[in-house]
Amino acid sequence: RTLLRIYGMVNRGEASWASLPAAEQEEMDETVAMLAEAAAQGHVEAQLYLGDTYGFGYGVGQDYGRAFELYMQAAQQGDVLSQYNLGIMYRDGKGCEQSHERAVEWWAKGGRRSRAMF
């Protein structure tokens with residue numbers, strides 16, 4: 001909830017990720033710590049959300065390498081959004097060595113799984 005609330009504040013122009021008010025930054029730090037703990041325990045959604053947090057720099061220093069690691073953990077557990085995000089990162093060479101072949105592989109994995117879900 002905290003992440004979504006602060007994300008809403010930023011989207012409405014009430015704050016920016018680079019200069020969150022102290023109270024919101026403290027909440028963001030606590031949220032990141034909780035997500036990191038859950039991600040380390042293998043929780044896929046926490047890995048995805050934390051990957052987004054680092055990949056986009058939501059209240060933390062932008063870290064493509066960390067985002068890539070988290071997306072990989074979730075993708076290996078079958079998370080379609082993380083598989084798609086890995087494709088983007090491989091395509092752009094963010095957090096990893098650029099590889100269009102690997103990008104297509106991850107997009108294909110995610111595409112097969114997402115079609116099987118519907």
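As shown above, the structure is provided for reference.
Think of each chain on its own: its residues are numbered from 1, step by step along the sequence as written. Totals for whole chains, interfaces and linings use every residue, but because this is a predicted model, local features are given only for residues with pLDDT of at least 70 and side-chain atom pairs only at 80 or more, for both listing and counting. Side-chain measures here rest on the full set of heavy atoms in the structure, leaving out hydrogens and waters.

## Thoughts on the environment of Ala74
- Secondary structure elements follow DSSP: runs of H or I of four or more residues count as helices, runs of E of two or more count as strands, with numbering from the N terminus. Structurally, Ala74 can be placed in helix α4 (residues 64-75).
- The class for Ala74 is buried, based on a relative accessible area of 0%.
- Expressed as a C-alpha distance, the spacing of Ala74 and Ala46, which sit 28 residues apart in the sequence, is 8.7 Å.
- Beyond its immediate chain neighbours, meaning those up to four positions away, Ala74 contacts Val44, Gln47, Leu48, Asp79 and Ser82. For every residue, the accessible area (1.4 Å probe, protein chains only) is compared with the maximum for its type, and the residue is labelled buried under 20%, exposed over 50%, or partly exposed between those bounds. Two residues form a contact once any of their heavy atoms are found within 4.5 Å.

## Re the pattern of salt bridges
- Criterion for a salt bridge: a side-chain nitrogen of Lys or Arg within 4 Å of a carboxyl oxygen of Asp or Glu. Counted under the stated rule, the structure contains 5 salt bridges.
- The salt bridge involving Arg5 is made with Glu27; its shortest N-O contact spans 2.6 Å. Taken together, the positions of Arg5 in helix α1 (residues 2-11) and Glu27 in helix α2 (residues 22-40) put the pair 22 residues apart, joining distant regions of the chain.
- Here Arg91 makes a salt bridge to Asp92, at a shortest N to O gap of 2.8 Å.
- Among the residues examined, Arg91 registers a relative accessible area of 34% and is labelled partly exposed.

## Regarding the packing of helix α3 (residues 44-56) against α4
- With their axes 8 Å apart at the nearest point, α3 and α4 run at an angle of 160° to one another. One element, α3, and the other, α4, form an angle in the roughly antiparallel class. Here α3 and α4 pass one another in a crossing that is left-handed. Here α3 contributes Val44, Gln47, Leu48, Leu50, Gly51, Asp52, Tyr54, Gly55 and Phe56 to the contact with α4, which in turn contributes Tyr64, Arg66, Ala67, Leu70, Tyr71, Gln73 and Ala74.
- Gly is put with the polar residues, along with every residue not named as nonpolar or charged; the nonpolar set is Ala, Val, Leu, Ile, Met, Phe, Trp, Tyr, Cys and Pro, and the charged set is Asp, Glu, Lys and Arg. Of the residues belonging to the contact of α3 with α4, the class tally is 10 nonpolar, 4 polar and 2 charged. Axis lines are fitted to C-alpha atoms, over the contacting stretch for helices. Their N-to-C directions set the angle, which ranges from 0 to 180 degrees. Angles below 35 degrees are treated as roughly parallel, those above 145 as roughly antiparallel, those between 65 and 115 as roughly perpendicular, and all remaining angles as oblique. For any pair of crossing helices, the crossing counts as left-handed if the nearer helix is rotated counterclockwise from the farther one by less than a right angle, and right-handed if it is rotated clockwise.

## Digging into the nonpolar core
- What is meant by a nonpolar core is a set of buried Ala, Val, Leu, Ile, Met, Phe, Trp, Tyr and Cys residues, joined one to another through side-chain atoms within 4.5 Å. Within the largest apolar cluster, 29 residues are counted, with the highest numbers of intra-cluster contacts made by Trp17 and Met28.
- Where this core is concerned, the elements lending two or more residues are α1, α2, α3, α4, α5 (80-92) and α6 (100-117).
- Beyond its immediate chain neighbours, meaning those up to four positions away, Met28 contacts Leu3, Ile6, Trp17, Leu20, Thr53, Tyr58 and Gly59.

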